[in-house]
Amino acid sequence: MIKLSKFLAIVLLLMVPVAHAKNYKLPGFGEGNAVSLDQEYYLGRAWLMSFRRQSPILDDPLIQSFVEHLVYRLAETSRLKERRLEIIVVDNESISAFTTPGGIIGIHSGVLKTAQTRAQFSSILAHELAHLGRQHFVKETVSRRKSPEAGLAALLRKMVLVAVSSPDASTGRGLRYSPQYEKDADGLGIYAQASAGLDPGGTAEMLTVMQEELAGYGPLPPEYFRTHPVTQKRIADAQAEADRFSGRIHEASREFQLMRARVTLSFIQSNDEAIAHFREKRSAGGRQAVPAQYGLILALTSGGYLKEAKQLLAPMREFAPENIVYKIAEANIHVKASEFESAIALLEDGLARAPGNHPLTMSLANAYIGGERYAEADELLSGHSRRHPSDAHLWKLLADVQGKTENLLGMYQSQAEYFALNDALERAIASLDQALGVARNQITSERISTRIAYFEAIKGAAEVLR
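Residues numbered from 1 in each chain as written. Predicted model: local features only at pLDDT ≥ 70, side-chain atom pairs only at ≥ 80, totals over all residues. Heavy atoms only, no water.

Engineer: Would you explain the sheet that holds strand β1 (residues 86–90) in this entry?
Structural biologist: Strand pairing in a sheet is mediated by backbone hydrogen bonds. Such pairs are either parallel or antiparallel. Pairing is mixed in the open sheet, where three strands are placed in the order β1-β3-β2. In this open sheet, the two edge strands, each paired with only one partner strand, are β1 and β2 (97–100). Ignoring strand direction, the axes of neighbouring strands in this sheet form an average angle of 15 degrees. Sheet analysis places β1 next to strand β3 (residues 104–108), joined by five bridges and oriented parallel. In the sheet register, Ile 87 faces β3, and the bridge partner there is Ile 105. Packing against the sheet, helix α4 (residues 61–75) makes contact with β1 and β3, and its axis sits at approximately 135 degrees to β1. Helix-sheet contacts for helix α6 (residues 118–134) involve β2 and β3, and the interaxial angle to β2 is about 25 degrees. (Pairing = 2+ DSSP bridges. Helix = DSSP H or I, 4+ residues; strand = E, 2+ residues; numbered from the N terminus. Axes fitted to C-alpha atoms, helices over the stretch in contact; angles between N-to-C directions. Contact = heavy atoms within 4.5 Å.)

Engineer: I'm lost on the pattern of salt bridges in this one. Help?
Structural biologist: Here the idea is simple: oppositely charged side chains can pair when their charged atoms come close. If you walk through the whole model with that rule in mind, you get 18 salt bridges. Where Asp 237 meets Lys 233, a salt bridge forms, and the shortest distance between an N and an O atom there is 2.8 Å. With a gap of four residues between them, Asp 237 and Lys 233 both fall in helix α13 (residues 232–243), about one helical turn apart. A salt bridge links Lys 396 to Asp 400, with the nearest nitrogen and oxygen atoms 3.2 Å apart. Of the two residues, Lys 396 and Asp 400 both sit in helix α22 (residues 392–404), four residues apart, roughly one turn of that helix. Under the relative-accessibility criterion, Lys 396 is labelled partly exposed at 37%. It is possible to trace a salt-bridge network through shared partners that takes in Glu 322, Lys 327, Asp 349 and Arg 353. (Salt bridge = Lys/Arg side-chain N within 4 Å of Asp/Glu carboxyl O. Buried < 20%, exposed > 50% of the residue type's maximum accessible area, 1.4 Å probe, protein only.)

Engineer: Looking at this model, I keep getting lost on the packing of helix α15 (residues 271–283) against helix α16 (residues 289–303). Mind explaining?
Structural biologist: Helix-helix packing is described using two parameters, namely the angle between the two axes and the distance between the axes. Where α15 contacts α16, the axes come no closer than 8 Å and their chain directions differ by 155 degrees. Judged by the angle between their axes, α15 and α16 are roughly antiparallel. Where α15 crosses over α16, the two elements pack in a sense that is left-handed. On α16, the residues that touch Asn 271, Ala 274, Ile 275, Phe 278, Arg 279, Lys 281 and Arg 282 of α15 are Ala 289, Ala 292, Gln 293, Gly 295, Leu 296, Ala 299, Leu 300, Ser 302 and Gly 303. (Parallel < 35°, antiparallel > 145°, perpendicular 65-115°, else oblique. Left-handed = near helix turned anticlockwise from the far one by under 90°.)

Engineer: Got a minute to help me understand the nonpolar core in this structure?
Structural biologist: In a soluble, globular protein the nonpolar side chains are often hidden away together inside. Within the largest apolar cluster, 91 residues are counted, with the highest numbers of intra-cluster contacts made by Val 67, Ile 107, Phe 121 and Tyr 294. Considering each element in turn, this core owes the most residues, eight residues, to α4. Setting aside chain neighbours within four positions, we find Phe 121 in contact with Phe 66, Val 67, Leu 70, Ile 107, Val 111, Leu 112, Ala 115 and Phe 256. Counting residues in hydrophobic clusters, the runner-up holds 17 residues, among them Met 49, Met 411, Phe 419 and Ile 429. (Core = buried A, V, L, I, M, F, W, Y, C linked by side-chain atoms within 4.5 Å.)

Engineer: Can you help me understand the environment of Lys 336 in this one?
Structural biologist: With respect to the helices and strands, the residue Lys 336 is situated in helix α18 (residues 324–336). What makes Lys 336 partly exposed here is its relative accessible area of 44%. Sequence separation between Lys 336 and Ala 367 is 31 residues; the distance between their C-alpha atoms is 9.9 Å. In contact with Lys 336, not counting residues within four places along its chain, are Thr 301, Ser 302, Gly 304 and Leu 306.

Engineer: Looking at this model, I keep getting lost on the pairing of β2. Mind explaining?
Structural biologist: Remember that side chains alternate between the two faces of the sheet whenever the strand is regular. Burial of β2 is two-sided: the residues Ala 97 and Thr 99 facing one way and the residues Phe 98 and Thr 100 facing the other way are all buried. Bridge analysis of β2 against β3 gives four bridges, and the strand direction is antiparallel. Of the residues in β3, the one forming a bridge with Thr 99 is Ile 105.

Engineer: I tried to follow helix α11 (residues 202–214) on my own but got confused; where do I start?
Structural biologist: Helical geometry: 3.6 residues make up each α-helical turn, so side chains three or four residues apart lie on a common side. Under the 1.5 Å per step criterion, the end-to-end length of α11 is 18 Å for 13 residues, consistent within 8% with the ideal 18 Å. When α11 is considered as a whole, its buried residues turn out to be Gly 202, Thr 203, Ala 204, Met 206, Leu 207, Val 209 and Met 210. (Expected span 1.5 Å × (residues − 1).)

Engineer: Looking at this structure, how should I read α18?
Structural biologist: The end-to-end C-alpha distance of α18 is 18 Å, a good match for the 18 Å that 13 residues give at a rise of 1.5 Å each. The complete set of buried residues in α18 reads Val 325, Tyr 326, Lys 327, Ile 328, Ala 329, Ala 331, Ile 333 and His 334. At its buried positions, α18 is contacted by α4, α14 (254–266), α16, α17 (306–319), α19 (340–353) and α20 (358–370). The backbone nitrogen of Val 325 lies 2.9 Å from a side-chain oxygen of the residue at the head of α18, namely Asn 323. Positioned one or two residues after α18, Ser 338 has a phi angle of 65 degrees, which is positive. (Polar contact = N/O pair within 3.5 Å; in protein donor to acceptor, adjacent residues only side chain to side chain.)

Engineer: What exactly am I supposed to notice about the pairing of β3 here?
Structural biologist: Of all the five residues making up β3, five are buried; the element is thus mostly covered by neighbouring parts of the structure. The alternating pattern of β3 places Ile 104, Gly 106 and His 108 and Ile 105 and Ile 107 on opposite faces, both of which are buried. Turn length for the β2-β3 hairpin, with the two strands adjacent in sequence and antiparallel, is three residues, and the turn residue Gly 102 shows positive phi of about 100 degrees.

Engineer: Help me out: how do you make sense of the environment of Lys 281 in this one?
Structural biologist: Summarising the element assignment, Lys 281 is placed in helix α15. Using a relative accessible area of 44% as the deciding quantity, one classes Lys 281 as partly exposed. In this structure the C-alpha to C-alpha distance between Lys 281 and Gln 293, which are twelve residues apart in sequence, comes to 8.2 Å.

Engineer: Sorry if this is basic, but what is going on with the packing of α22 against helix α23 (residues 408–421) here?
Structural biologist: Where α22 contacts α23, the two axes come as close as 8 Å, and the packing angle between them is 155 degrees. The angle between the axes of α22 and α23 places the two elements in the roughly antiparallel class. The two elements α22 and α23 meet at a crossing, and its hand is left-handed. Residues Ala 392, Trp 395, Lys 396, Leu 398, Ala 399, Gln 402 and Gly 403 of α22 lie in contact with α23, whose contacting residues are Gly 410, Met 411, Ser 414, Gln 415, Glu 417, Tyr 418 and Leu 421. Tallied by class, the residues present in the contact of α22 with α23 amount to seven nonpolar, five polar and two charged. (Nonpolar A, V, L, I, M, F, W, Y, C, P; charged D, E, K, R; others polar.)

Shown next, in the form of structure tokens:
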């Protein structure tokens, strides 16, 4: 294993042009046991590659976009020093969330299913943002070591274990935040909620929900409950803190409930079971009737019951014609019916009204692919990849499309980005070697060679994370 100091030097080279890398100086650790933001940023990005290799990332642009917008809304009122955030939604039914140094924020989709309101769900995000802003993870780890380097080494060894919710009980004991850090994160999270126009009472409510969930586990609860213990005093303190804010906010979020329906559907294995589930929820009426109807539409579409899906969606589209969630649902019905031109027209109109919108762009790309309009899909996704360079699912789809258009240069480069994001660096470099073989000019060759050098440097850094 390479020494940490060498690892840091390598990682810090990753984000600077290769031509100038040898002149880049490693930032100091600062005073005492402090860890610089630059060190945290590069460590976090190197870690994220390893994490993607081990955990399933949810491929749902609508949910990803919803979570990102909520995080950035909270971040505006959070005391973050590091504003270069990377948000990932893990496809996992358990209740868990995490942050790592460098602005990495992750949340399991199970939290979206378990939370009953947007305020409850966003309270988990606000709490994790508070840990990030206060650098609790780094302080908790580094403070137990005699040197910053030893602390960072320990941090790297534990970061993946936290994020994947290891069943090893000793992991939780080793990473548990101090009660003071937990209280600090709760308080700052509640402040961020209120400042962002969200109900500050969501924290106490979500803690109560978690306490009820915890009762269903045996002697070995999930990792998140061990690193973030729920007690009656913590709930009471959170409620008292929320009560300090006058004019409590009680607002329903239809979008949250729609995203919750999407997540619930993703955890139901049988399509017939999903249809029955949402029919029952819809017939019960009340606040859940509309999201249940949306979930039913999705299940019906997946099962090929398109006539009923159209009938149920029609009044929703009429009520909110510009609602992107409903618009994509209609487009998906067209795609399922092989009516690709109708889907394309609908999505192109939506994207003209909301340029760069991630869910609309990905839906349009899939409609182009279904209609065998591969060149247009290539152009659309190539442009979009510059706005979302860390979206592995996007790079995989783009590589597939470029294979259809025989755009070998683009395909090899897109494959390389996909492989690298999933910590398959040897395959990433091999793909770029193939790209060099089809490059048509010196400028392109130099750009590819620079990228190869970038991935070669990452290979050395990755040794620390294994």
